[in-house]
Amino acid sequence: MTLLQPGFLSSLPVQNALLIGAGAALLSGAAGVFTVLRGQSFAGHTLADVSSAGGALAYLLGISPLAGFFGLAVLGALGVEAAGERRAAGRDLAAGIVLGAGMGITALLLYLDVTLKGHGGAAVAVMFGALFAAPPGLGRAVALGALAGLAGLGLIYRPLLLATLDGELARADGVNTKLLGGAYLLLLALAVTLCAMAVGAILSTALLIGPAAAALRLARGPVAAMALAGLLGLGCAWGGIWLAYQSYGWTPGHVWPVSFFITALVLAVYAAAALARRG
Amino acid sequence: MTHALDVAGLCVSLGGREVLHEVSFALEPGAFCGLIGANGSGKTTLLRSILGFTAPSAGRVALAGVAGYVPQKLQLDPDMPVRAGDFVELGLNGHRFGFPFPSRARRAKVEAMLAAVGAEAFAGQRIGELSGGQQQRVLIAHALIRQPKLLLLDEPLANLDLRASAEIIALLKRVAAQGVTVLLSAHDMNPLLSAMDRIVYLAKGRAASGRTQEVVRTEVLSALYGYHIDVIRVHDRIIVVAGEGGAHGGKHVAAIP
Ligand SMILES: Nc1ncnc2c1ncn2[C@@H]1O[C@H](COP(=O)(O)OP(=O)(O)O)[C@@H](O)[C@H]1O
Ligand SMILES: [Mg+2]
């Protein structure tokens, strides 16, 4: 058994995976800080789950998975926003209903993927990710999406922070909180889409919330928290990819799921941050 | 003289019930006005209408300039990684788009404002970790840094002990003395009687307003409360004694010097 697999960085699928992981981690880390502070983890998870319908649809239509996932995540965001609910309990309810509807459609589309197109592996790929099997151009698309998302987040950073502190106060200060909330939800849709590219729809919440929650326990300011969350997420993503690559040597001929390693590292990072804060 | 705030015939209904009925009053620049009323009397509703958050069913509100707002309490996650000084800075530029690159001029304005409200000592602390009185100071600084003509505060004394209350009242009196009209709500007029020069008293959806000495009178308060109120002058102070169904069960005592 080889302990260290050769050719890690020279492998094209690995390069692609590293790029996807980096884009997903950096944007979701920064956006995730606001998701945690605004108490929108469940809304984020909802968008991810709904985006899986787009992933399944992409297999059916033969279009780019990025477009499929993002399109449906945006539809989910519009659905949550249309409920127009301001109370936390009502927001969770609206998100839950959108989530249920989205997953139902995913079930149908995945069934059609298998029966009509013979994509037997679609379900696992959509839900749990298949990073090493990503289409070659996806890395660059995800990196561009992440840059656009970070620019958008930088643009709305101050009003978003103010509205996250207190919505009424932000309104009194002249912020259009409704428009802002919608813009943020769109950025969240983009972030979870990129995460779904890396670890699959179901697990994308881990990458969105885990590094951000860990960073919030350690950082002194919001910008520092966003940067730290991005870096922690990057460490988890790249670490997970490296471990998965090495796993080829542990069970020869088989690579363990990348998503397993990434989410395990996220959990470890969060636990370490929680302990560091307490200690 | 133009008014800093002019509320005329304001009616507001919430959930099909009229909460405010033909409320009218006007405040001059630099007035220090208490908005007094029991819980549920419509104080928050009136402040929200002045801010334009709640649309009135009748009447109008006219402001002479920017209104600063101090909400009752921030609903904060203690993990919110925002320091008091940075929060005050958001009062200056929080509504702007674009990433905030540090600016020395802006920082100087923030420092001056922190000093003006006596918040320098805890400027570096997370806002969620501050005491009630400290948080009020920071909220007031956040509102004042935009140089409003009118400062609206929703129950700023509600969670404060006597000493912190007195300090916040003294701070707000200084603010009013500099020409900013201050309107603060309170369910208890007691701590404010010596400080406010104007009063808007809300009860059962109606308001009585005027100079404090005019409103705090037996006929006016009795009519508003719906039961007899005695306003007694003892030496140079005024004592308000409210009792249900008469002066027997004295329930509420307040004094004006
Ligand atoms: N959104 C709302 N819908 C229906 N009724 C409301 C709403 N907000 C407040 N109220 C009612 O309006 C009245 C005045 O409330 P409020 O202005 O909060 O009083 P205060 O601030 O003096 O305690 C209360 O009876 C309250 O129940
Ligand atoms: Mg109130």
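In case you missed it, the structure is sitting above this.
As the structure is a prediction and not an experimental result, all values here were calculated from the model. (Residues numbered from 1 in each chain as written. Chains lettered and ligands numbered in written order. Predicted model: local features only at pLDDT ≥ 70, side-chain atom pairs only at ≥ 80, totals over all residues. Heavy atoms only, no water.)

Let us look at the overall build of chain B. The helix and strand tally for chain B stands at 7 helices and 12 strands. Against the compact-globule benchmark of 18 Å for 257 residues, chain B has a radius of gyration of 19 Å, which places it among compact chains. Projected onto its principal axes, the C-alpha coordinates of chain B cover approximately 60 × 40 × 40 Å. At a minimum sequence separation of 6, the contacts of chain B that also span at least 24 residues come to 61%. Accessible area of chain B: about 11600 Å², with a carbon and sulfur share of 51%. Charge separation in chain B, taken as the distance between the mean sites of 26 positive and 22 negative side-chain charges, equals 5 Å. (Helix = DSSP H or I, 4+ residues; strand = E, 2+ residues; numbered from the N terminus. Rg over C-alpha atoms; globule rule 2.2 N^0.38 Å. Contact = heavy atoms within 4.5 Å. Areas by Shrake-Rupley, 256 points an atom, 1.4 Å probe, with all protein chains shown as cover. Lys, Arg positive; Asp, Glu negative; His and termini not counted. Charge placed at Lys NZ, Arg CZ, Asp CG, Glu CD.)

Residues and elements named next belong to chain B. Inspection of the region around ligand 1 gives L14, G15, R17, V19, A38, N39, G40, S41, G42, K43, T44 and T45 as its neighbouring residues. Here R17 contributes a side-chain N or O atom positioned 2.7 Å from an oxygen atom of ligand 1. Separating an oxygen atom of ligand 1 from a backbone N or O atom of G42 is a distance of 3.0 Å. For ligand 1, the protein covers 58% of the area, taking 560 Å² as the surface of the free molecule. Elements that contribute at least two residues to the shell around ligand 1 include exactly β2 (17-27) and α1 (43-51). (Near = heavy atom within 4 Å. Polar contact = N/O pair within 3.5 Å; in protein donor to acceptor, adjacent residues only side chain to side chain.)

The next subject is the interface of chain A and chain B. Of the residues lining the interface, 26 residues belong to chain A; the matching set on chain B comes to 33 residues. Interface area for chain A against chain B, summed over the two sides, is near 2700 Å², with a carbon-plus-sulfur share of 59%. Summed over the shared surface of chain A and chain B, the result is 2 salt bridges. At the boundary of chain A and chain B, one finds 9 residue pairs in polar contact (both at pLDDT 80 or more). The set of elements that each furnish at least two residues to the side of chain A that touches chain B consists of α6 (138-165), α7 (167-172) and α10 (222-250) of chain A. Ranked by the residues each element gives to the side of chain A that touches chain B, the list is headed by α6(A), at 10 residues. Taken together, the residues that form the side of chain A that touches chain B break down as 15 nonpolar, 4 polar and 7 charged. (Buried area = accessible area lost by both parts, 1.4 Å probe. Salt bridge = Lys/Arg side-chain N within 4 Å of Asp/Glu carboxyl O. Nonpolar A, V, L, I, M, F, W, Y, C, P; charged D, E, K, R; others polar.)

Next up on the list: the pairing of β2(B). Residues and elements named next belong to chain B. Taken together, the 7 bridges between strand β1 (residues 5-14) and β2 define a ladder with antiparallel strand orientation. The residue of β2 that forms the bridge with D6 is A26. Taking the residues that link successive antiparallel strands as the turn, the β1-β2 hairpin has 2 residues, and the phi of G15 there is positive, at about 55°. (Pairing = 2+ DSSP bridges.)

Residues and elements named next belong to chain B. Positive phi, close to 45°, is recorded for E155, a residue that is not glycine. Within the secondary structure, E155 is located in the loop between β6 (150-153) and α5 (162-177). By relative accessible area, which is 8% here, E155 ends up buried. Positive phi, normally seen in glycine, also occurs at K204, with a value near 50°. The residue K204 is located in the loop between β8 (198-203) and β9 (206-211) in this model. With relative accessibility at 66%, the residue K204 sits in the exposed group. (Buried < 20%, exposed > 50% of the residue type's maximum accessible area, 1.4 Å probe, protein only.)

It is worth spelling out the nonpolar core at this point. Side chains of nonpolar character tend, in soluble globular proteins, to be buried together. Core analysis: the biggest nonpolar cluster contains 165 residues, and F32(B), I140(B), L151(B) and L183(B) have the highest contact counts within it. The element best represented in this core is helix α8 (residues 177-199) of chain A, accounting for 15 residues. Among all residues touching I140(B), those that are not within four sequence positions of it are V70(B), V117(B), L151(B), L153(B), I168(B), L171(B) and L172(B). (Core = buried A, V, L, I, M, F, W, Y, C linked by side-chain atoms within 4.5 Å.)

Further remarks concern the sheet that holds β9(B). Residues and elements named next belong to chain B. Taken in spatial order, the 6 strands make up an open sheet running β5-β6-β7-β3-β8-β9, and their pairing is mixed. Both outer strands of the open sheet, β5 (67-70) and β9, are each paired with one neighbouring strand and no more. For this sheet, the mean angle separating the axes of adjacent strands, direction not counted, is 15°. The sheet contact formed by β8 and β9 spans 6 bridges and is antiparallel. Each bridged residue has a counterpart across the sheet, and for R198 the counterpart in β9 is R211. Strand contacts of helix α4 (residues 132-144): β5 and β6, with the helix running at about 160° to β5, the strand carrying the most contacts. (Axes fitted to C-alpha atoms, helices over the stretch in contact; angles between N-to-C directions.)

What follows covers the packing of α6(A) against α10(A). Axis angle and axis distance: for two packed helices, these are the angle between their axes and the distance between the axes, and together they describe the pair. Residue and element names in this part refer to chain A. Contact geometry of α6 with α10 gives a least axis separation of 12 Å together with a crossing angle of 135°. Here α10 runs oblique to α6, going by the angle between their axes. With respect to the hand of their crossing, α6 and α10 are arranged in right-handed fashion. Contacts between α6 and α10 involve L153, Y157 and L161 from the former and P222, V223 and M226 from the latter. (Parallel < 35°, antiparallel > 145°, perpendicular 65-115°, else oblique. Left-handed = near helix turned anticlockwise from the far one by under 90°.)

Now for the packing of aromatic side chains. Counting across every chain of the model gives 11 aromatic pairs over all chains. Taking 5.1 Å as the distance between ring centres and 65° as the angle between the ring planes, the aromatic pair formed by F260(A) and F261(A) counts as edge-to-face. The exposure class of F260(A) is partly exposed, given its relative accessible area of 44%. Taken together, F34(A), Y157(A), Y184(A), F99(B) and F101(B) form an aromatic cluster joined through their ring pairs. Cation over ring: R171(A) sits above F53(B), and NZ or CZ is 4.2 Å from the ring centre. Geometry around F32(B) places K173(B) over its ring, the cationic atom sitting 5.7 Å from the centre. (Phe/Tyr/Trp six-rings, centres within 6.5 Å; stacked < 30°, edge-to-face > 60°. Lys NZ or Arg CZ within 6 Å of the ring centre and 35° of its normal.)

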